[in-house]
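What follows is each chain in one-letter form.
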Amino acid sequence: MENTETKETGRRRTGGPLGAARRTLTVPWRLLRAVGLGARHAHRLYHPENSKVGRTPEHKKLPMRRMQVTTRMDGVTLEAWVVPSTGPHTVVVCHGVERSKSSTLSHIALLHGAGYHVVAYDMRNHGESTGDRRLGRMARRYTSDLRDVLRQVAADPELGRGKLALLGFSFSAWPSLRVLTTPGAPPVCAVVADSGPLYDIGAGLANFATLRRASLPAWVRGGPAFACYRHTFRLVALRMLALRRWPPDLTGVPTRLMFVAGAADPLVTEDQVRRVARALPGAHLWVAPTAMHMNAIRFDRREYESQVLTFLAESFAGPDRHPTPRPTTEAHRA
């Protein structure tokens, strides 16, 4: 009996200090794991694992041909769909982050039905486009890629007969604005920015981390571990993006601008989009009353079609006041 009690006491005594030590060590170890997870997820933001292409324009019985664009910066191959219509004008469509050009099929059909040629491409590291292993200057890369797409579209015998416009979603809304002052980019008469861009990108990234909280492992969903995860995700994603001078100075750029915000968007809030629109004089803002993120075409379809198509028609019909593109020899900054 005494021996048993001694063993139990020994176990309790051994378990006490050792258990306390384990608990003491577990806290910093968990925080380190949270930091690593935040950094890994920030990298995946620009290098997603699952953004595969699904349905194509052919599923909607639309004409289609394929286009490949090789980026001048680093030789990445961007895969694009060309959906020709009656023309002569062309709208280039840029999808959201962690998605592919398949996510824009409803918009492609809408624009094609309105008589516009449509070019939808996969951003680098997304969809059918090839990837990179880059860890920095992603803003410059995405903007340069869009410039290369626009240059190839403008040089295409079928697509280059009219004016160009851009439709960018969420993440790709800011390259759609930055490219307007990028050396060597063809003139763009109109930009429609749907569900973006963020005015305060750092706050938006922190909000993104918070919204994906439920999908994280249980050990990192709360307390100091989640605080470390969110801070690291925001910091690493910002450093990799390396976006400077935001919002851009578009003084003297005659491109017409339209912003679409979802009144119920939890990711890129109406206020964030409104602040960007206010910073760019002459921009038009429309708030879709029931839409969330990138789904105004579904939740507020009639008004969305009316707003976007009217804006594009007026932009394409306006006088061609675009200045001569800047020479490609100038320094390209993002």
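What you see is a predicted model, and the numbers here were worked out from it, not measured in a lab.

S.K.: Is there a simple way to think about the overall build of the protein chain in this case?
M.R.: Each helix and strand counted, the protein chain has nine helices and eight strands in total. Evaluated residue by residue, the protein chain yields a buried proportion of 49% over its 334 residues. Looking at the protein chain alone, contacts between residues at least 24 apart form 78% of all its contacts between residues at least 6 apart. Accessible surface, the protein chain: about 15900 Å² in total, of which carbon and sulfur atoms supply 51%.

S.K.: Would you take a moment to explain the packing of helix α5 (residues 201-211) against helix α6 (residues 223-241) for this structure?
M.R.: Packed helices, taken two at a time, are described by the angle between their axes plus the distance between the axes. The interhelical angle for the contact between α5 and α6, taken along N-to-C directions, is 135°, at an axis separation of 9 Å. Of the possible angle classes, the one that applies to α5 and α6 is oblique. Crossing of α5 over α6 shows right-handed handedness. Of α6, the residues touching α5 (which contributes Ile201, Gly202, Ala203, Leu205, Ala206, Phe208, Ala209 and Thr210) are Phe226, Tyr229, Arg230, Phe233, Arg234, Ala237, Leu238 and Leu241. Across the contact of α5 with α6, the residue classes tally to twelve nonpolar, two polar and two charged.

S.K.: For this particular structure, what's the right way to read α6?
M.R.: Along an α-helix, residues three or four positions apart point the same way, because every turn accommodates 3.6 residues. Taking 1.5 Å per residue as the helical rise, α6 with its 19 residues ought to reach 27 Å, and the 27 Å between its terminal C-alpha atoms agrees with that figure. Among the residues making up α6, those that are buried are Ala225, Phe226, Tyr229, Thr232, Phe233, Ala237, Met240 and Leu241. With its buried residues spanning 150° around the axis, α6 presents them on a single face. Exposed side chains of α6 directed beyond 90 degrees from the buried face belong to Pro224 and Arg239. Count one or two residues on from α6 and you reach Ala242, which has phi positive near 55°.

S.K.: For this particular structure, what's the right way to read the sheet that holds strand β6 (residues 190-194)?
M.R.: Adjacent strands of a sheet form backbone hydrogen bonds with each other and so pair up, either parallel or antiparallel. Reading across from one edge, β1-β2-β4-β3-β5-β6-β7-β8 is the order of the eight strands in this open sheet, with mixed pairing throughout. Strands with a single pairing partner mark the edges of an open sheet, and in this sheet they are β1 (65-70) and β8 (284-288). The mean inter-strand angle of the sheet, taken between neighbouring strand axes irrespective of direction, is 20°. Two elements, strand β5 (residues 164-169) and β6, share five bridges in a ladder whose sense is parallel. Among the inter-strand pairings, Ala165 is bridged to a residue of β6, identified as Ala190. The sheet strands contacting helix α7 (residues 270-279) are β7 (256-262) and β8, and the helix crosses β7 at an angle near 165°.

S.K.: How should I be thinking about the confidence of the model for the protein chain in this particular structure?
M.R.: For residues with low pLDDT, the predicted coordinates do not support detailed interpretation. With 87% of its residues at a pLDDT of 70 or more, the protein chain has an overall mean of 89. Between residues 1-14, whose pLDDT stays under 50, and residues either more than four places distant or in other chains, the model counts one contact.

S.K.: When you look at the environment of Leu241 in this model, what are you seeing that I'm missing?
M.R.: Structurally, Leu241 is set in helix α6. A relative accessible area of 3% places Leu241 in the buried class. Considering only alpha carbons, one finds Leu241 and Arg141, 100 residues apart in sequence, at a separation of 9.2 Å. If near-sequence neighbours (up to four positions away) are discounted, Leu241 is found in contact with Tyr46, Arg137, Met138, Ala139, Phe171, Trp174 and Ile201.

S.K.: Looking at this structure, I do not really get the pattern of salt bridges. What am I missing?
M.R.: In a structure, side chains of opposite charge can pair up when their charged atoms sit close to one another. Summed over all chains, the structure comprises 15 salt bridges. For the salt bridge of Asp74 with Arg124, the shortest nitrogen-to-oxygen distance reads 2.8 Å. Of this pair, Asp74 sits in the loop between β1 and β2 (77-83) while Arg124 is found in the loop between β4 (117-121) and α3 (138-155), placing the two residues 50 residues apart along the sequence. By relative accessible area, which is 22% here, Asp74 ends up partly exposed. Classification of Arg124 by relative accessible area gives buried; the value is 0%. Where salt bridges share partners, they join Asp74, Arg124, Asp132, Arg134, Arg141 and Asp145 into one cluster.

S.K.: Any chance you could explain the side chain of His89 here in plain terms?
M.R.: Relative to the helices and strands, His89 is located in the loop between β2 and β3 (90-94). Setting aside chain neighbours within four positions, we find His89 in contact with Tyr116, His117, Gly162, Lys163 and Phe316.

S.K.: Is there a simple way to think about unusual backbone geometry in this case?
M.R.: Residues other than glycine predominantly adopt negative phi, and peptide bonds predominantly adopt the trans conformation. With an omega dihedral of 10°, the bond running from Gly87 to Pro88 counts as a cis peptide bond. Mapped onto the elements of the fold, Pro88 is located in the loop between β2 and β3. In this chain, Trp246 is followed by Pro247 through a cis amide linkage whose omega measures -5°. For Glu98, which is not glycine, the phi dihedral falls at a positive 65°.

S.K.: Is there a simple way to think about the pairing of β5 in this case?
M.R.: It is a general feature of regular strands that their side chains alternate between the two faces of the sheet. Of all six residues that make up β5, six are buried, and the element is covered over most of its length. Side chains Leu164, Leu166 and Gly168 of β5 all project onto a buried face; the interleaved residues Ala165, Leu167 and Phe169 project onto the opposite face, where all are buried too. Summarising the sheet, β3 and β5 pair through five bridges and their orientation is parallel. In the sheet register, Val92 faces β5, and the bridge partner there is Leu166. You can see the chain leave β5, run along helix α4 (residues 173-178) and come back into β6, and the turn it takes is right-handed.

The rules behind these values
- Note on numbering: residues in each chain are counted from 1, in written sequence order.
- In keeping with the predicted nature of the model, local features appear solely for residues at pLDDT of at least 70, side-chain atom pairs appear and are counted solely at 80 or more, and the whole-chain, interface and lining totals rest on all residues.
- Calculation of side-chain values draws on the structure's entire complement of heavy atoms; hydrogens and water are dropped beforehand.
- Here a strand is any run of E in DSSP of at least two residues, a helix any run of H or I of at least four, and the numbering for each starts at the N terminus.
- Relative accessible area decides the class of each residue, using a 1.4 Å probe on protein chains only: under 20% of the type maximum gives buried, over 50% gives exposed, and in between gives partly exposed.
- Residues are treated as being in contact if the distance between any of their heavy atoms lies within 4.5 Å.
- Surface accessibility follows the Shrake-Rupley procedure with a 1.4 Å probe radius. Residue values consider only the protein chains on display as shielding.
- The axes are straight lines fitted to the C-alpha atoms, using for helices just the contacting stretch, and the angles between their N-to-C directions are given from 0 to 180°.
- An angle counts as roughly parallel when it lies under 35 degrees, as roughly antiparallel when it exceeds 145, as roughly perpendicular when it falls between 65 and 115, and as oblique in every other case.
- Crossing handedness is read from the near helix: turned anticlockwise from the far helix by less than a right angle, it gives a left-handed crossing, and turned clockwise, a right-handed one.
- Any residue outside Ala, Val, Leu, Ile, Met, Phe, Trp, Tyr, Cys, Pro, Asp, Glu, Lys and Arg is labelled polar, Gly included; the first ten of those are nonpolar and the last four are charged.
- Any helix carries an expected span of 1.5 Å times its number of residues minus one.
- Within this analysis, the arc is defined by the directions that extend from the helix axis to the C-beta atoms.
- Should DSSP find at least two bridges between two strands, the strands are taken to pair.
- Every residue gets a pLDDT, meaning the predictor's confidence in that residue, from 0 to 100.
- Basic side-chain nitrogens of Lys or Arg form a salt bridge, by our definition, when they fall within 4 Å of a carboxyl oxygen of Asp or Glu.
- Here, the term right-handed applies to a crossover whose path from the first strand over the helix to the second runs clockwise when the strands point away from the viewer.

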